[in-house]
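One letter stands for each residue in the lines below.
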Amino acid sequence: MDNHTAERFVLELQQHQNEADIEKMKKFFKDSDESTECLGLNMQTVFRTAKLYSNMPLDEIEQLLESKYYEVRMGAVSIMDFQAKSNKITGEHRQALYELYIRRHDRINNWDFVDRAAPSVIGTYLLDKPKDKLYMLAKSSNIWERRTAIVSTHSFIRKGNIEDTYAIAELLINDQEDLINKAVGSFIREAGKKDEEKLKAFLDKYAATMPRVTLRYAIEKFDKSTKEYYLSLKSR
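Residues numbered from 1 in each chain as written. Predicted model: local features only at pLDDT ≥ 70, side-chain atom pairs only at ≥ 80, totals over all residues. Heavy atoms only, no water.

An unreviewed UniProt entry annotates the protein chain as DNA alkylation repair protein of Paenibacillus septentrionalis.

Enquirer: What should I look at first to understand the side chain of His 4 in this one?
Expert: Of note, His 4 is situated in the segment before α1 (6-14). Relative accessible area serves as the criterion here: at 7%, His 4 is assigned to the buried category. A polar atom in the side chain of His 4 sits 3.2 Å from the backbone oxygen of Leu 52. Beyond its immediate chain neighbours, meaning those up to four positions away, His 4 contacts Leu 52, Tyr 53, Ser 54, Asn 55, Met 56, Pro 57 and Glu 60. (Helix = DSSP H or I, 4+ residues; strand = E, 2+ residues; numbered from the N terminus. Buried < 20%, exposed > 50% of the residue type's maximum accessible area, 1.4 Å probe, protein only. Polar contact = N/O pair within 3.5 Å; in protein donor to acceptor, adjacent residues only side chain to side chain. Contact = heavy atoms within 4.5 Å.)

Enquirer: Would you mind going over α1 with me for this structure?
Expert: An α-helix turns once per 3.6 residues; consequently, residues spaced three or four apart project the same way. Among the residues of α1, those classed as buried are Ala 6, Phe 9, Val 10 and Leu 13. One side of α1 carries all its buried residues, which in axial view fall inside an arc of 95°. (Arc of directions from axis to C-beta.)

Enquirer: Can you walk me through the packing of aromatic side chains in this structure?
Expert: Each aromatic ring pair is characterised by the separation of its centres together with the angle its planes make. Summed over all chains, the structure comprises 7 aromatic pairs. Ring centres 5.3 Å apart and planes at 35° place the aromatic pair Tyr 166 and Phe 202 in the tilted group. Of this pair, Tyr 166 sits in helix α11 (residues 163-172) while Phe 202 sits in helix α13 (residues 196-206), and the two are 36 residues apart along the sequence. Three or more aromatic residues joined by ring pairs make a cluster, and in this case those are Tyr 166, Phe 202 and Tyr 206. A cation over an aromatic ring shows up here: Arg 116 above the ring of Phe 47, its NZ or CZ 4.3 Å from the ring centre. (Phe/Tyr/Trp six-rings, centres within 6.5 Å; stacked < 30°, edge-to-face > 60°. Lys NZ or Arg CZ within 6 Å of the ring centre and 35° of its normal.)

Enquirer: Just checking my understanding: could you explain the nonpolar core for this structure?
Expert: One broad rule of soluble globular proteins: the nonpolar side chains tend to lie buried together. If you look at the biggest cluster of nonpolar residues, it comprises 76 residues, and the most contacted ones within it are Leu 64, Tyr 101, Ile 150 and Leu 203. Those residues in contact with Leu 203, other than ones at most four positions away along the chain, are Ile 188, Met 210, Leu 215, Ala 218, Ile 219, Phe 222 and Tyr 230. (Core = buried A, V, L, I, M, F, W, Y, C linked by side-chain atoms within 4.5 Å.)

Enquirer: Any chance you could explain the pattern of salt bridges here in plain terms?
Expert: Think of it this way: side chains of opposite charge can pair up when their charged atoms draw near. All told, the structure shown has 17 salt bridges when counted by the stated rule. The residue Lys 68 makes a salt bridge to Glu 37 at a minimum N-O spacing of 3.6 Å. Residue Lys 68 is found in the loop between α4 (58-65) and α5 (70-84), and its partner Glu 37 is found in the loop between α2 (22-26) and α3 (43-52); the two are separated by 31 residues along the sequence. Across the salt bridge formed by Asp 81 and Arg 116, the nearest N and O atoms sit 3.6 Å from each other. Of the two residues, Asp 81 sits in helix α5 while Arg 116 sits in helix α7 (residues 111-126), which places them 35 residues apart along the sequence. What makes Arg 116 partly exposed here is its relative accessible area of 21%. Each of Glu 62, Glu 66, Arg 103, Arg 104 and Asp 106 takes part in a single network of salt bridges with overlapping partners. (Salt bridge = Lys/Arg side-chain N within 4 Å of Asp/Glu carboxyl O.)

Enquirer: How should I be thinking about the side chain of Thr 36 in this particular structure?
Expert: Relative to the helices and strands, Thr 36 resides in the loop between α2 and α3. Overall, Thr 36 belongs to the buried group, its relative accessible area being 13%. Here Arg 73 takes part through its side chain, which lies 3.1 Å from a polar atom of the side chain of Thr 36.

Enquirer: Looking at this model, I keep getting lost on the environment of Asn 174. Mind explaining?
Expert: Structurally, Asn 174 can be placed in the loop between α11 and α12 (178-194). Using a relative accessible area of 51% as the deciding quantity, one classes Asn 174 as exposed. Remark: the alpha-carbon pair of Asn 174 and Met 210, spanning 36 residues in sequence, is separated by 6.2 Å.

Enquirer: Got a minute to help me understand the packing of α7 against helix α9 (residues 143-151) in this structure?
Expert: To characterise two packed helices, one gives the angle between the axes of the helices and the distance between these axes. Contact pair α7 / α9: the axes reach a minimum separation of 9 Å and the direction vectors enclose 45°. Taken as axis vectors, α7 and α9 run oblique relative to one another. You can see that α7 and α9 cross each other, and the crossing is right-handed. Between α7, through Trp 111, Val 114, Asp 115, Ala 118, Pro 119 and Ile 122, and α9, the contact on the second element is made entirely by Trp 144, Arg 147, Thr 148 and Val 151. Its residues placed into classes, the contact of α7 with α9 shows 7 nonpolar, 1 polar and 2 charged. (Axes fitted to C-alpha atoms, helices over the stretch in contact; angles between N-to-C directions. Parallel < 35°, antiparallel > 145°, perpendicular 65-115°, else oblique. Left-handed = near helix turned anticlockwise from the far one by under 90°. Nonpolar A, V, L, I, M, F, W, Y, C, P; charged D, E, K, R; others polar.)

Spelled out as structure tokens, the structure:
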């Protein structure tokens, strides 16, 4: 739509900004990019506005990704997420969304940006395609590209494919970043809901050496005795 422009979107968000919440929102941004600023917006306001602008053209979305404001970039990835989840999306547009995400990963540079859009934009696009790109991202020096690699597999898990989740988890099992450790634990736990024995087999192999936070996230849904067993492996 003609009025679904980056400029109008930003103006809409600015009507809701709250100076008092700026410092609170800064706590959500974990990247070292010191040029990022915050408007001080409730995330529900960002998501609601993004839904209203969900027909925004891709070139306008890319303008939002260029913004120095955290909430504006969150708006951009939210619009991408809404588009990727649309029942009316064409294969051509789905590919274009995927390519935009990959090409502008330099601006998708926070954990919640990745979590918002990676499953629908990256994972869903790759459902019926080779997964090579995710394995490349898993080996990246960029923390957010590595997080995209594991988080994207959520779409595969939902369709019953858990093999790539475990394979990528193996690549990331000794990652030095807490935000990767937590993501790995979270998504092998999700894969475990499809096949608990495969999760246990993975833990039997890695529980003693994986980061403790990864293990705790992975075993979260187990009963008390099973949790204690795997935690005991870590303490040996």
